[in-house]
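Next come the chains, spelled out residue by residue.
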Amino acid sequence: MTHELELGLDTFGDVTWDADGRPLPQWQVLRNVVAEAVLADQVGLDFFGIGEHHREDFSVSAPEVVLAAIAGQTERIRLGSAVTVLSSDDPVRVFQRFATLDAVSNGRAEVILGRGSFTESFPLFGYELDQYELLFEEKLNLFTELLTEKPVTWQGETRAGLDRQRVFPPTESGALRTWIGVGGSPQSVIRAAHYGLPLMLAIIGGEPLSFAPLVDLYHRALAKFDRTTLPIGQHSPGYIAATDEQARDEMWPHFAAMQERIGRERGWGPMSRDRFEHDAGSDGALFVGSPQTVATKIAKVAEGLGLSRFDLKYSLGTLPHEKLMTSIELYGSEVAPLVRARLAANAPTPD
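Just so you know, these numbers come straight off a predicted model, no measurement behind them.

Asker: How should helix H8 (residues 244-266) be read in this particular structure?
Answerer: Along an α-helix, residues three or four apart share an orientation, since each turn contains 3.6 residues. With 23 residues, H8 should reach 33 Å at 1.5 Å per residue; the first-to-last C-alpha distance of 30 Å fits that figure. Maximal helix bending in H8 amounts to about 40°, located at Trp 252; proline Pro 253 follows within four positions. Along H8, the positions that sit buried rather than exposed are Ala 247, Arg 248, Glu 250, Met 251, Trp 252, His 254, Phe 255, Ala 256, Met 258, Ile 262 and Gly 263. Packed against the buried residues of H8 are strand E10 (232-240), helix H9 (273-279), strand E11 (287-289) and helix H11 (321-346). One or two positions beyond H8, positive phi appears at Gly 267, with a value near 80°.

Asker: So what exactly am I meant to see when it comes to the environment of His 53 here?
Answerer: For His 53, the position within the fold is in the loop between strand E2 (47-50) and helix H2 (63-71). Owing to a relative accessible area of 8%, His 53 belongs among the buried residues under this scheme. Separated by ten residues in the primary sequence, His 53 and Pro 63 have C-alpha atoms spaced 9.1 Å apart. Non-local contacts of His 53, meaning those with residues more than four positions away in its chain, are made with Phe 12, Phe 58, Val 60, Ser 61 and Phe 118.

Asker: Honestly, helix H5 (residues 132-146) in this entry has me stumped. Any pointers?
Answerer: The terminal C-alpha atoms of H5, which comprises 15 residues, lie 21 Å apart, in line with the 21 Å expected from a rise of 1.5 Å per residue. Within H5, burial applies to Leu 135, Phe 136, Glu 138, Lys 139, Leu 140, Leu 142, Phe 143, Thr 144 and Leu 146.

Asker: Help me understand the pairing of strand E5 (residues 109-114), please; the structure alone is not making it clear to me.
Answerer: Taken residue by residue, a regular strand's side chains alternate between the two faces of the sheet. Judged by how many residues are buried, E5 sits mostly within the fold: six of six residues are covered. Residues of E5 alternate between two faces, with Ala 109, Val 111 and Leu 113 on one and Glu 110, Ile 112 and Gly 114 on the opposite face, all of them buried. Across two bridges, the pairing between strand E3 (residues 78-81) and E5 is parallel. Residue pairing for E5: Leu 79 is matched across the bridge by Ala 109.

Asker: Would you take a moment to explain the side chain of Thr 318 for this structure?
Answerer: Topologically, Thr 318 is positioned in the loop between strand E12 (309-313) and H11. Leave out the neighbours within four places in its chain, and Thr 318 touches Val 15, Thr 16, Trp 17 and His 254.

Asker: Mind showing me how you'd approach unusual backbone geometry here?
Answerer: Apart from glycine, the bulk of residues carry a negative phi angle, and the bulk of peptide bonds sit in the trans form. Across the junction of Ala 82 and Val 83, the peptide omega takes the value 5°, indicating a cis bond. When you line up the elements, Val 83 lands in the loop between E3 and strand E4 (84-85). Even without being a glycine, Arg 164 presents a positive backbone phi close to 55°. As for its position among the elements, Arg 164 is in strand E7 (residues 162-165). Note on Arg 164: relative accessible area 63%, which makes it exposed. One non-glycine residue, Asp 226, lies in positive phi territory at about 55°. Looking at the element boundaries, Asp 226 is found in the loop between helix H7 (212-224) and E10.

Asker: Could you clarify how one ought to interpret the pattern of salt bridges in this entry?
Answerer: A side chain of one charge can pair with a side chain of the opposite charge if their charged atoms are brought near each other. Inspection of the entire model under this criterion finds 30 salt bridges. The partner of Arg 97 in a salt bridge is Glu 64, with the nearest N and O atoms 2.8 Å apart. Linking Arg 97 in helix H3 (residues 91-104) with Glu 64 in helix H2, this pair joins segments that are 33 residues apart in sequence. In this structure, Glu 133 engages Arg 191 in a salt bridge whose closest nitrogen and oxygen atoms are separated by 3.7 Å. On the criterion of sequence distance, the pair formed by Glu 133 in helix H5 and Arg 191 in helix H6 (residues 186-194) is long-range, its members being 58 residues apart.

Asker: Any chance you could explain the pairing of E12 here in plain terms?
Answerer: Counting buried positions over the five residues of E12 gives five, a clear majority of the element. Of the two faces of E12, the one holding Arg 309, Asp 311 and Lys 313 and the one holding Phe 310 and Leu 312 are both buried throughout. In terms of strand pairing, strand E1 (residues 6-11) meets E12 through five bridges, oriented parallel. Bridge assignment links Gly 8 to a residue of E12, and that residue is Asp 311. Bridge analysis of E10 against E12 gives five bridges, and the strand direction is parallel. Within E12, the position partnered with Pro 237 by the bridge is Lys 313.

Criteria and cut-off values
- Residues numbered from 1 in each chain as written.
- Predicted model: local features only at pLDDT ≥ 70, side-chain atom pairs only at ≥ 80, totals over all residues.
- Heavy atoms only, no water.
- Helix = DSSP H or I, 4+ residues; strand = E, 2+ residues; numbered from the N terminus.
- Expected span 1.5 Å × (residues − 1).
- Bend = angle between axes of the 7 residues up to and from the residue.
- Buried < 20%, exposed > 50% of the residue type's maximum accessible area, 1.4 Å probe, protein only.
- Contact = heavy atoms within 4.5 Å.
- Pairing = 2+ DSSP bridges.
- Salt bridge = Lys/Arg side-chain N within 4 Å of Asp/Glu carboxyl O.

Geometric values such as these leave the question of function open.
Laid out in structure tokens, this is it:
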């Protein structure tokens, strides 16, 4: 990896608290997400991603609409999903929406496709969970055909076929940047290589460097499929404040409550403070602390995994908007320069 690392932000539009500890209405959270993206652009970050959910605790069910609003108020930051749940959507409409976003943002759109870690969208849109794998495989197959921006002929079991049909609008560049989001499945890594798509690793627990075998598998699979080297990114939760202690103390209650809420649905045990501190340590998956601490950790995993991009999932349950804005400011103004300086210093000298 060269020292050219993109630094981005991801949010699910988590429903946050106001100053009195009461949840904000979702419409206010959506407006706050736009403000957060505008700040990210102002402080020089490279990417802003919005995840799709269909739940009471997350405000964003239509990321492309929010991203289009952000496009009208920003200049340079790239805009995309994190992730688009392709299994319960229609590939043609997904392409059309992101091609439209690409046009109105002057070529700044990209899409991260995934199966999603929540399943609410399946019954909402009339899909059966027992077709979980088939839906994603078929729809990804069709989407990659649409990326050629040529007439498409396609047949499958989960939607109507296409016969020499074109999809509009095309992108100005002829290439919509598309990633595959992967949570740790070797099969998913090989699938990304098979379709020749960049890999976005969702590392939300454990040790990030333990994902190195998946990175190696991706490279080997790309070679097997005669693909060129493609970018690898990482998505991980984190929060930045003036000191390590402040960052951890501010993040902990909101993060723990979110983990407990989701854990009740999935049969997880409660998160302890000791586990949180471990995950926030130098080898864990939480990028929380002072600018120096977070920058050191990002540079370490970027070099260890050969990353082209690191996306900080900065929204953390009910953690208030004002604190998120401070974290974004520190990420762009202090963390990003420290990361880039370290990677540049460690980069091999050209012959």
